[in-house]
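Each chain, letter by letter, is given below.
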Amino acid sequence: MRLFIIINILINLLILSSCNINKLDKIDNRQFYQYKDLYSINNLKDEFFNKEYKSYYIYLFKLTCIYCENIKSIVLDYLDSNLDPPLYFYIIHKEFDVSIFKESSNISKEEKIKESINKSNLKDIYYLCCPSLYLIKDKSLSNIYLGSNSIKEELTKYKK
């Protein structure tokens, strides 16, 4: 009888240990999630203004950015609950990635945003900081949201 109880306990432990952590509630385990490859952009230059949707977001971030990490759950929640407008990701890896944008100047961020609005070429818009969220409508830039607070405010307005 004692052997039966020990075998039964071992079998139950094996069954429990085989549970996949990713199948647990995603809200409680958000820190284990990575950005979804399904919505990523592979070539920023070619894909920034060329998605098939009338309006969409492009989220630029760095893996080493603490502000990007701080709003990761907001961005993933948006993907989980809303895909209209859809959101695409691009990871900034190196300086080359940002060199395809308009060269920086000494004007304020607000002026850079104003200059960039309604443009449809990356050489006509600025890369300003990380994280940043670009709203594209009708194949041109409609707005830029800079920093985690601005992005959080924009994405949570769609929350159901």
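Residues numbered from 1 in each chain as written. Predicted model: local features only at pLDDT ≥ 70, side-chain atom pairs only at ≥ 80, totals over all residues. Heavy atoms only, no water.

Participant: Before we move on, could you go through the packing of aromatic side chains and cite the residues and values that matter?
Facilitator: For the structure on display, the rule yields 10 aromatic pairs. When the centroid spacing of 5.8 Å and the interplanar angle of 90 degrees are considered together, the rings of Tyr56 and Tyr88 count as edge-to-face. With a gap of 32 residues between them, Tyr56 in strand E1 (residues 55–61) and Tyr88 in strand E2 (residues 87–91) connect regions that are remote in the sequence. Tyr56 gets classed as buried once you look at its relative accessible area, which sits at 0%. Pairing Phe101 with Tyr127 gives two aromatic rings, centres 5.8 Å apart and planes at 40 degrees, and the pair type is tilted. Highlighted residues: Phe101 in the loop between helix H5 (95–99) and helix H6 (109–116) and Tyr127 in the loop between H6 and strand E3 (132–137), separated in sequence by 26 residues. For Phe101, a relative accessible area of 2% corresponds to the buried category. Positioned above the aromatic ring of Tyr126, the side-chain terminus of Lys112 is 5.5 Å from the ring centre. (Phe/Tyr/Trp six-rings, centres within 6.5 Å; stacked < 30°, edge-to-face > 60°. Helix = DSSP H or I, 4+ residues; strand = E, 2+ residues; numbered from the N terminus. Buried < 20%, exposed > 50% of the residue type's maximum accessible area, 1.4 Å probe, protein only. Lys NZ or Arg CZ within 6 Å of the ring centre and 35° of its normal.)

Participant: Tell me about the pairing of E3, and name the residues and values.
Facilitator: Counting buried residues along E3, five of its six residues qualify, which places the element largely inside the surrounding structure. Two strands pair when backbone bridges link them, and E1 and E3 are joined in this way by six bridges, in the antiparallel orientation. The residue of E3 that forms the bridge with Ser55 is Lys137. In the sheet, E3 pairs with strand E4 (residues 140–146) via six bridges, with the strands oriented antiparallel. Within the sheet, the bridge partner assigned to Tyr134 lies in E4 and is Ile144. (Pairing = 2+ DSSP bridges.)

Participant: Give me the lowdown on the packing of helix H4 (residues 72–81) against helix H7 (residues 147–156), citing residues and values where you can.
Facilitator: A packed helix pair is summarised by two numbers, namely the angle formed by the two axes and the spacing between the axes. Packing of H4 against H7 leaves a shortest axis separation of 10 Å and a crossing angle of 20 degrees. Comparing their axes, H7 and H4 come out roughly parallel. When you trace H4 past H7, the crossing you get is left-handed. Of the residues in H7, those touching H4 at Ile74, Val75 and Tyr78 are Lys152, Leu155 and Thr156. (Axes fitted to C-alpha atoms, helices over the stretch in contact; angles between N-to-C directions. Parallel < 35°, antiparallel > 145°, perpendicular 65-115°, else oblique. Left-handed = near helix turned anticlockwise from the far one by under 90°. Contact = heavy atoms within 4.5 Å.)

Participant: So, the side chain of Ser140: which residues are in play, and what are the values?
Facilitator: Relative to the elements of secondary structure, Ser140 occurs in strand E4. Contacts of Ser140, omitting those with residues within four sequence positions, involve Phe49, Asn118, Lys119, Ser120 and Leu135.

Participant: So what's going on with unusual backbone geometry? Residues and values would help.
Facilitator: Of the consecutive residues Cys130 and Pro131, the connecting peptide bond is found in the cis state with omega at 0 degrees. Topologically, Pro131 is positioned in the loop between H6 and E3. One non-glycine residue with positive phi stands out, namely Asp138, at about 50 degrees. Looking at where Asp138 falls in the secondary structure, it is placed in the loop between E3 and E4. You will see that Lys139, though not glycine, has its phi angle at about 65 degrees, which is positive. Note that Lys139 resides in the loop between E3 and E4. According to the relative accessible area criterion, Lys139 is partly exposed, its value standing at 38%.

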